[in-house]
Amino acid sequence: MLLGLMLFGLERGCREVFPDYLSAAVLLLSLVASTRALHLDGLMDTCDGLFGGFTPERRLEIMRDSRVGAFGVAGAVGLLLLKYGALVSLLGLNELGKEWSLLLFPMLSRWSMVVALGAFPYVRAQGLGSPFHQGGVRWATAAAAAAAVISAVLLGGIGGAGMLAGASVLAWLLGWAMAGRLGGLTGDTYGAVNEVVEVVVLMVAVALLPHGWVEPLPELFG
């Protein structure tokens, strides 16, 4: 939600001086920079590993390599193009709900990582994702679930609830597919889940907004 608030504030400022396509570029680069491209790096490593290896062991070995291959570059470029196009389309809509969508999509994508983390085993002995599989984090998972449900419903109404459900299902499907090829998930795959769900939620928001399905719950029933 903090990332969403940052994007909301940037959009409010950029709209006063920039056209939509330049504002969208500012939002996209700010989102990448604010996380130090951590999730994007995970997506690239995951693409290299899944498509560049033929056994789970080899795929995991490739994912540990700091060098980026052709599959990683293609995955990152494709995703950034889709995300930029979705942001341009979102900002170009003359709908009040686009502000709520800016708040929601970073939260829903982070929630998707919680789903993947809880549903599938962690495959490495040590890694960036291993602390989240240790004891004492169930309360944090419950808090994340409560925050996701309350925020999605209150800020997005019917559309927000639908996007939350869709993001959860997509996260599970992505986790299932990757765990089947790797024997479990890694920190890189969590980043990949975040990036894919983020762009899909943005695209769905663009499709739903013209129909008035993404509105705060009080306005929807007011």
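None of these values were measured; they are calculated from a predicted model.

### What about the overall build of the chain?
No. 1: Helix and strand content of the chain: 9 helices and 0 strands.
No. 2: Start at the N end of the chain and walk to the C end: the helices and strands fall as α-α-α-α-α-α-α-α-α.
No. 3: A compact globule built from 222 residues would reach a C-alpha radius of gyration of about 17 Å, and the chain, at 18 Å, matches this within 12%.
No. 4: With the C-alpha coordinates of the chain rotated into their principal frame, the extents come out at 55 × 35 × 25 Å.
No. 5: For the chain, the proportion of its 222 residues judged to be buried stands at 45%.
No. 6: Across the chain, every contact between residues at least 6 apart in sequence was considered, and the portion connecting residues at least 24 apart equals 79%.

### Things to note about the pattern of salt bridges
No. 1: In the structure shown here, the tally under the stated rule is 7 salt bridges.
No. 2: Put simply, Arg 58 and Glu 61 hold a salt bridge, and the shortest N to O gap is 3.3 Å. In this pair, Arg 58 and Glu 61 are both assigned in helix H4 (residues 56-64), 3 residues apart and thus about one turn of the helix distant.
No. 3: As a salt-bridge pair, Glu 198 and Lys 83 come within 2.5 Å of each other at their nearest N and O atoms.

### Considerations on the packing of aromatic side chains
No. 1: Counted according to the given criterion, the structure contains 4 aromatic pairs.
No. 2: A network of ring pairs unites the aromatic residues Phe 120, Trp 172 and Trp 176 as a single cluster.

### Quick notes on the confidence of the model for the chain
No. 1: Taken over all residues, the pLDDT of the chain has a mean of 90, while the share at 70 or more is 91%.
No. 2: Ranking the elements of the chain by mean pLDDT puts helix H9 (residues 217-220) last, at 61, and helix H5 (residues 70-92) first, at 97.

### Considering the packing of helix H3 (residues 38-52) against helix H8 (residues 187-208)
No. 1: The N-to-C vectors of H3 and H8 enclose an angle of 110°; their axes lie 7 Å apart at closest approach. Relative to H8, the element H3 is oriented roughly perpendicular. Across the interface between the two elements, His 39, Leu 40, Asp 41, Gly 42, Leu 43, Asp 45 and Thr 46 of H3 pack against Asp 188, Thr 189, Gly 191, Ala 192, Asn 194, Glu 195 and Val 196 of H8.
No. 2: Tallied by class, the residues present in the contact of H3 with H8 amount to 4 nonpolar, 6 polar and 4 charged.

### Points about unusual backbone geometry
Backbone phi values are negative for most residues with the exception of glycine, while trans is the configuration of most peptide bonds.
No. 1: Phi angles above zero are rare outside glycine, and Arg 36 is one such case at about 55°.
No. 2: Looking at the element boundaries, Arg 36 is found in the loop between helix H2 (20-34) and H3.
No. 3: Using a relative accessible area of 78% as the deciding quantity, one classes Arg 36 as exposed.
No. 4: The phi torsion at Ala 37 lies on the positive side, around 60°, for a residue other than glycine.
No. 5: Mapped onto the secondary structure, Ala 37 falls in the loop between H2 and H3.

### Focus: the side chain of His 39
No. 1: If you trace the backbone, His 39 turns up in helix H3.
No. 2: Classification of His 39 by relative accessible area gives buried; the value is 12%.
No. 3: Beyond its immediate chain neighbours, meaning those up to four positions away, His 39 contacts Arg 110, Met 113, Gly 191, Ala 192, Asn 194 and Glu 195.

Parameters at a glance
- Residues numbered from 1 in each chain as written.
- Predicted model: local features only at pLDDT ≥ 70, side-chain atom pairs only at ≥ 80, totals over all residues.
- Heavy atoms only, no water.
- Helix = DSSP H or I, 4+ residues; strand = E, 2+ residues; numbered from the N terminus.
- Rg over C-alpha atoms; globule rule 2.2 N^0.38 Å.
- Buried < 20%, exposed > 50% of the residue type's maximum accessible area, 1.4 Å probe, protein only.
- Contact = heavy atoms within 4.5 Å.
- Salt bridge = Lys/Arg side-chain N within 4 Å of Asp/Glu carboxyl O.
- Phe/Tyr/Trp six-rings, centres within 6.5 Å; stacked < 30°, edge-to-face > 60°.
- pLDDT = per-residue confidence, 0-100.
- Axes fitted to C-alpha atoms, helices over the stretch in contact; angles between N-to-C directions.
- Parallel < 35°, antiparallel > 145°, perpendicular 65-115°, else oblique.
- Nonpolar A, V, L, I, M, F, W, Y, C, P; charged D, E, K, R; others polar.

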